[in-house]
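Given next are the chains, with one letter for each unit.
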Amino acid sequence: MDASSAKKALHPFWPRDLVIPSYVANDRSMSEILVFLFSVSGVFLLVTWLITGINSKLGTWRRMAICWFAVCGFIHSVIEGWFSLYYAILPGDQSFLSQLWKEYSKGDSRYIIADNFTVCMETVTALLWGPFSFWAVYSFLTAKSYRFVLQLTISLGQLYGAVLYFFTEHRDGYAHSEFGHPIYFWFYFVFMNFLWIIIPLLLIVDAWRQLSIAQTYADTSETLKTKRK
């Protein structure tokens, strides 16, 4: 990158020729932001784990799944919800959550420029999968009959969004991050989003299995009733 391009950029985002006139640099460090994110997520995990331990019928795997939905509820509703509300003023805003998104944008600048796909995807995620995740936590804790339907619906939505998220950036040639950077590309962009492919896939398989068992039981019961007639 030549000197003129460096002078023109005045921001840490890729591609380096992005023009973001309203950008104001963060006054919070990367460590402060990450500690906040993982600390609050950890609190949600711990509290949910303790609550699920009260119910002796819930196994370790089911408790872990409920903890996942609790963390998803926080991230989708609060973190992504903030972006869906304030994406237009994000570059110059110094609120803590805006600074969190500016930090994350070093791994994917589509957020700092309010890319259409990103805004639409995050808005749907915040409005649907956030509340639905908290609903899933409630449904498992109270053993609602629809709990695995919720699990399947949320997980399919998360998986679909994550696949589109990666695929659209692949089509753009990974232009919105410093390709190969250990933190911004591999940790922010790849790892933090790949979780929403691996875990929803496992939960989809689990929901499929549980709903198949329920349907088999329903079919068997119906057959027995018919024979008795």
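What you are looking at is a predicted structure, and each value in this text was computed from that prediction instead of being measured.

*Asks:* Help me out: how do you make sense of the nonpolar core in this one?
*Replies:* Most often, soluble globular proteins keep nonpolar side chains buried together rather than apart. Among the nonpolar cores identified, the biggest contains 43 residues, and Phe69, Ile79, Trp101, Tyr111 and Tyr165 are the most heavily contacted of them. Of all the secondary-structure elements, those providing two or more residues to this core are helix H2 (30-52), helix H3 (60-86), helix H4 (96-104), helix H5 (116-141), helix H6 (147-171) and helix H7 (184-228). Of the residues forming this core, the biggest block, 11 residues, is contributed by H3. Residues within four places of Trp101 in sequence aside, it is in contact with Ile79, Glu80, Trp82, Phe83, Leu90, Tyr111 and Glu122. By size, the runner-up hydrophobic cluster in this structure holds 5 residues, among which are Phe13, Leu18, Tyr23 and Ile112.

*Asks:* Whenever I open this one, the side chain of Thr48 confuses me. Can you help?
*Replies:* If you trace the backbone, Thr48 turns up in helix H2. For Thr48, a relative accessible area of 8% corresponds to the buried category. A distance of 2.6 Å separates the side chain of Thr48 from the backbone oxygen of Phe44, its partner in a polar contact.

*Asks:* When you look at the confidence of the model for the chain in this model, what are you seeing that I'm missing?
*Replies:* Any residue range with low pLDDT should be treated as having predicted coordinates unsuitable for detailed reading. On average, residues of the chain score 93 in pLDDT, and 94% of them are at 70 or above. Here residues 1-7 is modelled with pLDDT under 50, and outside its nearest four sequence neighbours on either side it reaches 2 contacts, counting other chains as well.

*Asks:* Which parts of the structure should I look at to understand the environment of Ile113?
*Replies:* The topology assignment puts Ile113 in the loop between H4 and H5. Here Ile113 falls in the partly exposed class, since its relative accessible area comes to 35%. C-alpha separation for the pair Ile113 and Leu18, spaced 95 residues apart in sequence, amounts to 8.7 Å. Apart from residues lying up to four places away in sequence, Ile113 is in contact with Leu18 and His176.

The rules behind each value
- Residues numbered from 1 in each chain as written.
- Predicted model: local features only at pLDDT ≥ 70, side-chain atom pairs only at ≥ 80, totals over all residues.
- Heavy atoms only, no water.
- Core = buried A, V, L, I, M, F, W, Y, C linked by side-chain atoms within 4.5 Å.
- Buried < 20%, exposed > 50% of the residue type's maximum accessible area, 1.4 Å probe, protein only.
- Helix = DSSP H or I, 4+ residues; strand = E, 2+ residues; numbered from the N terminus.
- Contact = heavy atoms within 4.5 Å.
- Polar contact = N/O pair within 3.5 Å; in protein donor to acceptor, adjacent residues only side chain to side chain.
- pLDDT = per-residue confidence, 0-100.

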